[in-house]
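# Commentary on secondary and tertiary structure
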2 protein chains.
Amino acid sequence: MSQQSAPTRGAATLHDVAREAGVSLATASRVLNGSTRKVAESYRERVEAAAEKLGYTANLSAQATARGTAAIVALLVADIADPYFAQLASGVARGADEAGLVVTIAITERDPQREVRLVRALRGQRPRGLILAASRTEGADAVGLQNELDAFTAMGGRVVMLGPSPADTRSVAIDNRSGAAALGAELGGLGYRDAVVVAASEGIRTSDDRLAGFTEGFTAAGGTVREVRRAGFTRDAGYAAAQDLLAGDLPAGTLIFGISDVVAIGIMSAIRDAGRHVGADVAVAGFDDISTGRDVRPGLTTVRVPLEDLGYRALHAMLEPEWDATQPSLPLEVIVRGSTPPRT
Amino acid sequence: MSQQSAPTRGAATLHDVAREAGVSLATASRVLNGSTRKVAESYRERVEAAAEKLGYTANLSAQATARGTAAIVALLVADIADPYFAQLASGVARGADEAGLVVTIAITERDPQREVRLVRALRGQRPRGLILAASRTEGADAVGLQNELDAFTAMGGRVVMLGPSPADTRSVAIDNRSGAAALGAELGGLGYRDAVVVAASEGIRTSDDRLAGFTEGFTAAGGTVREVRRAGFTRDAGYAAAQDLLAGDLPAGTLIFGISDVVAIGIMSAIRDAGRHVGADVAVAGFDDISTGRDVRPGLTTVRVPLEDLGYRALHAMLEPEWDATQPSLPLEVIVRGSTPPRT
DNA sequence: TTGTAAGCGTTATCAT
DNA sequence: ATGATAACGCTTACAA
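Please read all numbers here as calculations on a predicted model, not as lab measurements.

## Considering the overall build of chain A
A count of helices and strands for chain A gives 13 helices and eleven strands. A compact globule built from 344 residues should have a C-alpha radius of gyration of about 20 Å, whereas chain A, at 25 Å, is more than 25% larger. Principal axes of the C-alpha set define a box for chain A whose edges measure 85 × 45 × 35 Å. Taken across its 344 residues, chain A has 52% of its residues classed as buried. Considering only intrachain contacts with a sequence separation of at least 6, the fraction spanning at least 24 residues in chain A is 76%. Total accessible area on chain A stands at roughly 14200 Å², and carbon and sulfur atoms take up 50% of it. Charged side chains in chain A number 36 positive and 41 negative. The centres of these two groups are separated by 5 Å.

As C-alpha cells, then:
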C-alpha cells in the first residue's frame, strides 16, 4: 500500500479514543499515558478497549510539545560502522529501551564543526539528554561545542560524555592511563624492550593518556618507547602508519602499541601484507577489546574495556537526577593473546 | 552546569525571535523554517539576526505536531553491534543527514514480537519513514508486523525493507540466490567437491535463497552439498556449529559455507581453536563482505554486498515520491581470498 | 474521580 | 509581502 502519500493525517488521535470510549480527553490521557492519577476501573477498561480498537498510538511529538521535553536520548558517535562505537551504541540502546526512551543517532565523522552543528540540530528535538562519545574537550573547537552544550543544559537537558570531560559534566570514564600502564608493565614483563606507539594527534585526551600510561608502565618494566607515530583512530590510519614503519627498518622483536584495537588491527594487517609475522616477528597490542579482536589470528593483546556496559552506564548517568562526580572508574583488565608472545 | 533543572523552559522560541525582530510570528516562521514564501530582505535580516542572538533552534516536536509529520527516519536492526547492521546503518545515516532527517534507531534483538512493539512505538514519532533490516516476511509473526506497517502507511508513512519483501512494499534487495550461485560455481571451479552449509533456520528468506543458490552453483560445478546445519545469523552460532561439525569427522578439504560473513568468521575461529587450519585444511566462505573479513587471516572468501550503499539506497527508496518496484538489484561480486585456496 | 479549558511552539489559511 | 489566528495532538492546572 505505498500509494501516493495520502493526506498525512490518518492515525487515531486521543480525541478519537475519548469519543469512542465516551469519556473526556483528560480521562483518556490519564489512562493511556503515564499519569499517577487514578481513574475508575470501568472507565479505564473502556478507554483501553477503544484505544486497542482504533490502533491508537500516542503522538510523541505532540506529547513532547505539551510536556516541553521528548522521550528521546540523542547519541553522537564518530562512526557507527566502527565496532568501538557500535558496541557503545548497543549499550546505550539497551538502557534507553529499558527506560522507555527512543535513541536518535548522529554521526560526527570526527569533524568538530560538524559535531557542533549536530548538537544544535539535535537540541531542536528537545531530547532528555545527549550522550557524546569521543568529543574534543580542549582547543578552539571545544568552546563552540561547549556553548551549544551549555545552551542545552540551560534548557533542562542532560549531557553525558564518554571519556574525559570538563569538570562539571556528567561522564562515564575509564582510567586509560592506568590501564595502559598495566599493559605496558605486562608487556615489559614478557620481555619486550623496544616499542613504537601509533597514537592519535596530541591533544586528544584518550590518546594522550594511553600513551603516557603505556610509556610509564613499559619504561618501569625496563622497556623503551622508541618512537611515537601520529595517526588517527581508524583502521586505515593504523594500517598506513604500520606500512610506513615497516618500510624503514623495524627490528624483529619490536612491539607496536596501537592506541585502540581498531588501529591495532590495521597494524596487524599491514604487517602481514608486508610478509612479516605478527607475534614472533613484530608484536602488536591494542586497547578496548572490541569483539573483532577475538577473531583475528593471532589474537590481539589488549586492555579490556566493557564497551557495552559503558554505553549502558552513560545512559544511566543521564537518567540519574543527581550527578555524583566521584564515580568509580570501570574495571580494566589486560588481556594477553597471541599477538604478543613471551620473548625469551 | 548540571544544576537542578532550572525554569525548565529556557530555549528561545519563535515567539521570542519575532518579538526581538519586531515582526510577526508568521514572518519569523517563514524566514527561519523552509518556506517558499518571499519575505523582504530587510525583515529577513532582522529575523536572522534575532535568531542568532537568541540562539534559537526550532522545536522539532512542535514543528512535527504542526506539520503532522516529523523529519525523522526510523531504522530497525537486529543488533547494532553486528558489523553487518552497523555498516547498513552507516549508509542510512549518511543519506538521512543529506536529506535533513534525523535517524532514530531501534534494536529488535531478532525477536519478531519485539519488532512489532517497536514499530508501534516508533509510529508514535510520526516519522517520515521506517526502514526495516532483516524482518520476517512470512509466518505467523509476519502478519502482526504487517498490520502495524499497514497502519503506518495508512497514515502517510513510508516503509522500506532491506531484503526480501512483500510485493507492494518498497525495498532494496540484492540477488542472494544468484550471488550465492556464483560463489558456488567459483568454488566448484577451484576444485572443491564437498561442502557443508551453515545456514539459518528454514523459512528465513535470505538464508533460504543463499542456500539454494549456493547448492545450485556448486552442484553444477560438480560439487556436492553434504549437509546443511541450522544455526543462526550470529558469530557465536557459526562458532558452535563448526565446533560440532569438527567433533565429528570432517574430511580435510571440505568447504564450509557460512550463510553470512559474521557466521563464517565464527566458523573460522572454531576451526583454529580446534587446532586445524583454515584454508589448506578446512576451507571457509561467507557472504556480505563485512569489513572484518579483510583483517582476518587468511582473508575470507565471500560475496561482496555493498552494505553502506544498500543503506543509502534504502533511505532514498523512502524519499522517492513514486516507487518503482522494478529496481535493478545491486551488483554482487564474488571475492576469493585465502580461506578457499585452489584445490589441486 | 472526572471534565473544562488554557497552554506547548509551530504551521498554514486567510485577510489585509 | 505581512500579520492575525485557527489548527496540530496532547498535558495539566483548575473546577465541578
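## As for the sheet that holds strand 5 (residues 170–172) of chain A
Spatially, ten strands are ordered 5(A)-4(A)-3(A)-1(A)-2(A)-2(B)-1(B)-3(B)-4(B)-5(B) in an open sheet, and the strand pairing comes out mixed. Two strands lie at the open edges of the sheet, namely strand 5 of chain A together with strand 5 (170–172) of chain B, each paired on one side alone. Put simply, the sheet's adjacent strands are angled 25 degrees from each other on average, direction ignored. Note: strand 4 (residues 158–162) of chain A against strand 5 of chain A, three bridges, orientation parallel. Looking across to strand 5 of chain A, one finds that valine 160 of chain A is bridged to arginine 170 of chain A.

## Here we look at the interface of chain A and chain B
In this assembly, 63 residues from chain A lie in contact with 63 residues from chain B. Taking both partners together, chain A and chain B bury about 5300 Å²; carbon and sulfur atoms supply 47% of that area. Joining chain A to chain B, the criterion identifies eight salt bridges. In this structure, arginine 294 of chain A and aspartate 236 of chain B form a salt bridge, with 3.9 Å as the shortest nitrogen-oxygen distance. The interface formed by chain A and chain B includes 24 residue pairs in polar contact (both at pLDDT 80 or more). Here the side of chain A that touches chain B takes seven residues from helix 4 (residues 60–67) of chain A, the largest share from any one element. For strand 2 (residues 102–107) of chain A and strand 2 (residues 102–107) of chain B, the ladder comprises three bridges, and the chain directions are antiparallel. Paired with threonine 104 of chain A across the strands is threonine 104 of chain B, a residue of strand 2 of chain B.

## Looking at the relation of the copies chain A and chain B
Here chain A sits on chain B after a turn of 180 degrees about the axis and a move of 0.0 Å along it, with an RMSD of 0.1 Å. Taken together, these values place the two copies in the relation of a two-fold axis. When the interface residues of chain A are mapped onto chain B, 95% of them are again interface residues, pointing to one common binding face.

## Details of the environment of isoleucine 271 of chain B
All names here are of chain B. Within the secondary structure, isoleucine 271 sits in helix 11 (residues 261–273). Measuring from C-alpha to C-alpha, the distance between isoleucine 271 and valine 102 comes to 43 Å, with 169 residues separating the pair along the chain. Leave out the neighbours within four places in its chain, and isoleucine 271 touches Leu246, Ile256, Arg276, His277, Val278, Val282 and Val284.

## Things to note about the pairing of strand 7 (residues 224–230) of chain B
All names here are of chain B. Bridge analysis of strand 6 (residues 194–199) against strand 7 gives six bridges, and the strand direction is parallel. Looking across to strand 7, one finds that alanine 199 is bridged to arginine 230. In terms of handedness, the path from strand 6 via helix 9 (residues 205–220) over to strand 7 forms a crossover that is right-handed.

## Digging into the domain arrangement of chain A
Domain annotation for chain A reports domain 1 (14–58), domain 2 (68–174 + 309–319) and domain 3 (176–305). Of note, the centres of domain 1 of chain A and domain 2 of chain A, computed from C-alpha atoms alone, are 35 Å apart.

## Section: the packing of aromatic side chains
Here the structure, examined in full by the defined rule, presents six aromatic pairs over all chains. The interplanar angle of 85 degrees and the centroid separation of 5.0 Å between the aromatic rings of tyrosine 84 of chain A and phenylalanine 85 of chain A together place this pair among those described as edge-to-face. On the numbers, 4.5 Å between centres and 25 degrees between planes, the contact of phenylalanine 214 of chain B with phenylalanine 257 of chain B is stacked. Linking phenylalanine 214 of chain B in helix 9 with phenylalanine 257 of chain B in strand 8 (residues 255–258), this pair joins segments that are 43 residues apart in sequence. Residue phenylalanine 214 of chain B is classed as buried on the basis of its relative accessible area, which comes to 0%. Within the aromatic cluster, the residues linked to one another by ring pairs are Phe214, Phe218 and Phe257 of chain A. The ring of phenylalanine 287 of chain A carries arginine 210 of chain A above its face, with NZ or CZ at 3.9 Å from the centroid.

Each value, and the rule that gives it
Residues numbered from 1 in each chain as written. Chains lettered and ligands numbered in written order. Predicted model: local features only at pLDDT ≥ 70, side-chain atom pairs only at ≥ 80, totals over all residues. Heavy atoms only, no water. Helix = DSSP H or I, 4+ residues; strand = E, 2+ residues; numbered from the N terminus. Rg over C-alpha atoms; globule rule 2.2 N^0.38 Å. Buried < 20%, exposed > 50% of the residue type's maximum accessible area, 1.4 Å probe, protein only. Contact = heavy atoms within 4.5 Å. Areas by Shrake-Rupley, 256 points an atom, 1.4 Å probe, with all protein chains shown as cover. Lys, Arg positive; Asp, Glu negative; His and termini not counted. Charge placed at Lys NZ, Arg CZ, Asp CG, Glu CD. Pairing = 2+ DSSP bridges. Axes fitted to C-alpha atoms, helices over the stretch in contact; angles between N-to-C directions. Buried area = accessible area lost by both parts, 1.4 Å probe. Salt bridge = Lys/Arg side-chain N within 4 Å of Asp/Glu carboxyl O. Polar contact = N/O pair within 3.5 Å; in protein donor to acceptor, adjacent residues only side chain to side chain. Least-squares fit on C-alpha atoms with pLDDT ≥ 70 in both. Right-handed = clockwise from strand over helix to strand, strands pointing away. Domains from an automatic or database assignment. Phe/Tyr/Trp six-rings, centres within 6.5 Å; stacked < 30°, edge-to-face > 60°. Lys NZ or Arg CZ within 6 Å of the ring centre and 35° of its normal.

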